[in-house]
Amino acid sequence: MSNPLVQAFFVGRAVAEVVNERLEVALTDALSDLGKFDAEAREQLRQFTEEVLERANRATEAANASQPTTGTGQASSDSGDLQADIDELRAEIALLRTELQHYRRASA
């Protein structure tokens with residue numbers, strides 16, 4: 001009677017060790033894949049941000065190059081609708097602040 005009981009004990013212990021090792025390997029692999037995914041997502045976000053900023057800078061330079069400069073130091077005050085220009089700039093600043101907050105939350 002002692003022999004089958006000892007045999008059952010060692011079989012149970014071996015089963016527990018094998019299950020533990022396989023769970024450890026599975027968990028390690030899952031965490032590794034998660035780390036790779038996180039790193040790739042951050043890299044793609046960084047590349048996306050760089051591309052967006054690069055295009056925005058090119059568009060700004062193109063817009064500045066196409067506008068005639070006045071020697072008096074006043075930009076587009078001759079358009080007559082200065083308040084509309086200010087409102088548009090404020091709206092763009094608000095939009096940029098919102099996008100910056102989204103970016104900071106996503107990268108945190």
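Notes on the structure in this doc start here. What you are looking at is a predicted structure, and each value in this text was computed from that prediction instead of being measured.

**Some thoughts on the overall build of the protein**
Here is step 1 of the chain: A count of helical and extended segments in the protein gives 2 helices and 0 strands.
Here is step 2 of the chain: Buried residues in the protein amount to 0% of all 108 residues.
Here is step 3 of the chain: For the protein, the accessible surface area stands at approximately 9900 Å², while carbon and sulfur atoms represent 59% of it.

**Focus on a negative patch on the surface**
Here is step 1 of the chain: Where like charges cluster on the molecular surface, the negative patch consists of Asp-81, Asp-87, Glu-88 and Glu-92.
Here is step 2 of the chain: Here Asp-81 lies in the loop between α1 (2-66) and α2 (82-107).

**Notes on the pattern of salt bridges**
Here is step 1 of the chain: Per the stated rule, a full pass over the model turns up 6 salt bridges.
Here is step 2 of the chain: With its nearest N and O atoms 2.4 Å apart, the salt bridge here joins Glu-43 to Arg-46. With Glu-43 and Arg-46 both in helix α1 and 3 residues apart, the pair spans about one turn of that helix.
Here is step 3 of the chain: A relative accessible area of 32% means that Glu-43 is categorised as partly exposed.

**A few points about the packing of aromatic side chains**
Here is step 1 of the chain: Going through the model one piece at a time under the given rule, you end up with 1 aromatic pair.
Here is step 2 of the chain: Between Phe-9 and Phe-10 the ring centres are 5.2 Å apart and the planes differ by 70 degrees, which places this aromatic pair in the edge-to-face class.
Here is step 3 of the chain: What makes Phe-10 partly exposed here is its relative accessible area of 44%.

About the cut-offs
Residues numbered from 1 in each chain as written. Predicted model: local features only at pLDDT ≥ 70, side-chain atom pairs only at ≥ 80, totals over all residues. Heavy atoms only, no water. Helix = DSSP H or I, 4+ residues; strand = E, 2+ residues; numbered from the N terminus. Buried < 20%, exposed > 50% of the residue type's maximum accessible area, 1.4 Å probe, protein only. Areas by Shrake-Rupley, 256 points an atom, 1.4 Å probe, with all protein chains shown as cover. Patch = residues over 30% accessible without salt bridge, like charges linked within 9 Å, V, L, I, M, F, W, Y side chains within 5 Å. Salt bridge = Lys/Arg side-chain N within 4 Å of Asp/Glu carboxyl O. Lys, Arg positive; Asp, Glu negative; His and termini not counted. Charge placed at Lys NZ, Arg CZ, Asp CG, Glu CD. Phe/Tyr/Trp six-rings, centres within 6.5 Å; stacked < 30°, edge-to-face > 60°.

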